[in-house]
Amino acid sequence: MVKAEKIILGIDPGTNVMGYGVIKVIGNKAEMVSMGVIDLRKMHDPYLRLGHIFERVTGIIDSFLPDEMAIEAPFFGKNVQSMLKLGRAQGVAIAAAIHHDIPIHEYAPLKIKMAITGNGSASKPQVAGMLQRMLNLNPEEMPKFMDATDALGAAYCHFLQMGKPESDGTSYSSWKDFVNKNKERVKK
């Protein structure tokens, strides 16, 4: 039996530096294929930046032919203008994936950190260090910008989620709540 292969593109949206990470999944093993950043700091026109994001993400998609894309959801900060800019950058990256018929999965930063480190408030260096260990990356392979490891983290988080069964969306506030909603499952 041949194990199915899947390529996952991870994106860490940014308006100055946008990270990307690509992993290959064979069976239940993942390996890093590529990671890097799209550096937008020298571009001053915000609309040209968006165009550049679309072109670069499209180029990455054309190079690695991902089956799915995992993207980090924008963090809700206090600065509305920053949130708007970040949302636009994320939207353009999503548009590039949609243009190529690639399914998109969005993960909150807390979910990604929790999946990688077991701690939702882990620092960027902690996430990078854990990815380095889990994917057996050489220290020389570790990027200068943590945006690249954050993107790799989004891809790896999606890989970890792939093996989990879909939830029916039911949530419980306590064991008592679970028992009340599942009387037929409780043995007396």
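Before any of the text, the structure's been laid out above.
Basis of the calculations
- Residues numbered from 1 in each chain as written.
- Predicted model: local features only at pLDDT ≥ 70, side-chain atom pairs only at ≥ 80, totals over all residues.
- Heavy atoms only, no water.
- Pairing = 2+ DSSP bridges.
- Helix = DSSP H or I, 4+ residues; strand = E, 2+ residues; numbered from the N terminus.
- Axes fitted to C-alpha atoms, helices over the stretch in contact; angles between N-to-C directions.
- Parallel < 35°, antiparallel > 145°, perpendicular 65-115°, else oblique.
- Left-handed = near helix turned anticlockwise from the far one by under 90°.
- Contact = heavy atoms within 4.5 Å.
- Nonpolar A, V, L, I, M, F, W, Y, C, P; charged D, E, K, R; others polar.
- Salt bridge = Lys/Arg side-chain N within 4 Å of Asp/Glu carboxyl O.
- Buried < 20%, exposed > 50% of the residue type's maximum accessible area, 1.4 Å probe, protein only.
- Phe/Tyr/Trp six-rings, centres within 6.5 Å; stacked < 30°, edge-to-face > 60°.

1. As for the pairing of strand β3 (residues 29-39)
Bridge count between strand β2 (residues 17-26) and β3: ten bridges; the pairing is antiparallel. By the bridge assignment, Gly19 is partnered in β3 with Val37. Counting the residues in the hairpin turn of β2 and β3 gives two residues, including Gly27, whose phi is positive at 65°.

2. Concerning the packing of helix α4 (residues 124-134) against helix α5 (residues 146-162)
It is at 9 Å that the axes of α4 and α5 come closest, and there the two elements cross at 60°. Considering the angle they form, α4 stands oblique to α5. Handedness of the crossing formed by α4 with α5: left-handed. The segment α4 lies against α5, with Lys124, Pro125, Ala128, Leu131 and Met134 engaging Met146, Thr149, Asp150, Leu152, Gly153 and Tyr156. Its residues placed into classes, the contact of α4 with α5 shows seven nonpolar, two polar and two charged.

3. Comments concerning the pattern of salt bridges
In this structure the tally under the stated criterion is three salt bridges. With its nearest N and O atoms 2.7 Å apart, the salt bridge here joins Arg41 to Asp39. Look at Arg41 and you get partly exposed, because its relative accessible area is 42%. The shortest N-O distance in the salt bridge between Lys124 and Asp150 comes to 2.2 Å. On the criterion of sequence distance, the pair formed by Lys124 in helix α4 and Asp150 in helix α5 is long-range, its members being 26 residues apart. Its relative accessible area of 39% is what places Lys124 among the partly exposed residues. A relative accessible area of 8% places Asp150 in the buried class.

4. A look at the packing of aromatic side chains
All chains considered together, the criterion is met by one aromatic pair. An angle of 55° between the planes, with centres 5.2 Å apart, marks the rings of Tyr156 and Phe159 as tilted. With Tyr156 and Phe159 both in helix α5, this residue pair falls three residues apart, about one helical turn. Take Tyr156: its relative accessible area is 9%, and that puts it in the buried class.

5. Describing the environment of Lys29
Secondary-structure assignment places Lys29 in strand β3. Owing to a relative accessible area of 60%, Lys29 belongs among the exposed residues under this scheme.

6. Some thoughts on the pairing of strand β4 (residues 68-72)
Most of β4 sits inside the fold, with five of its five residues counted as buried. Where burial is concerned, the two faces of β4 agree: the one with Glu68, Ala70 and Glu72 and the one with Met69 and Ile71 are both buried. In the sheet, strand β1 (residues 5-12) pairs with β4 via four bridges, with the strands oriented parallel. What sits directly across from Ile11, in β4, is Ile71. The pairing of β4 with strand β5 (residues 104-107) spans four bridges and is parallel. Across the sheet, residue Ile71 finds its bridge partner in β5, namely Glu106.

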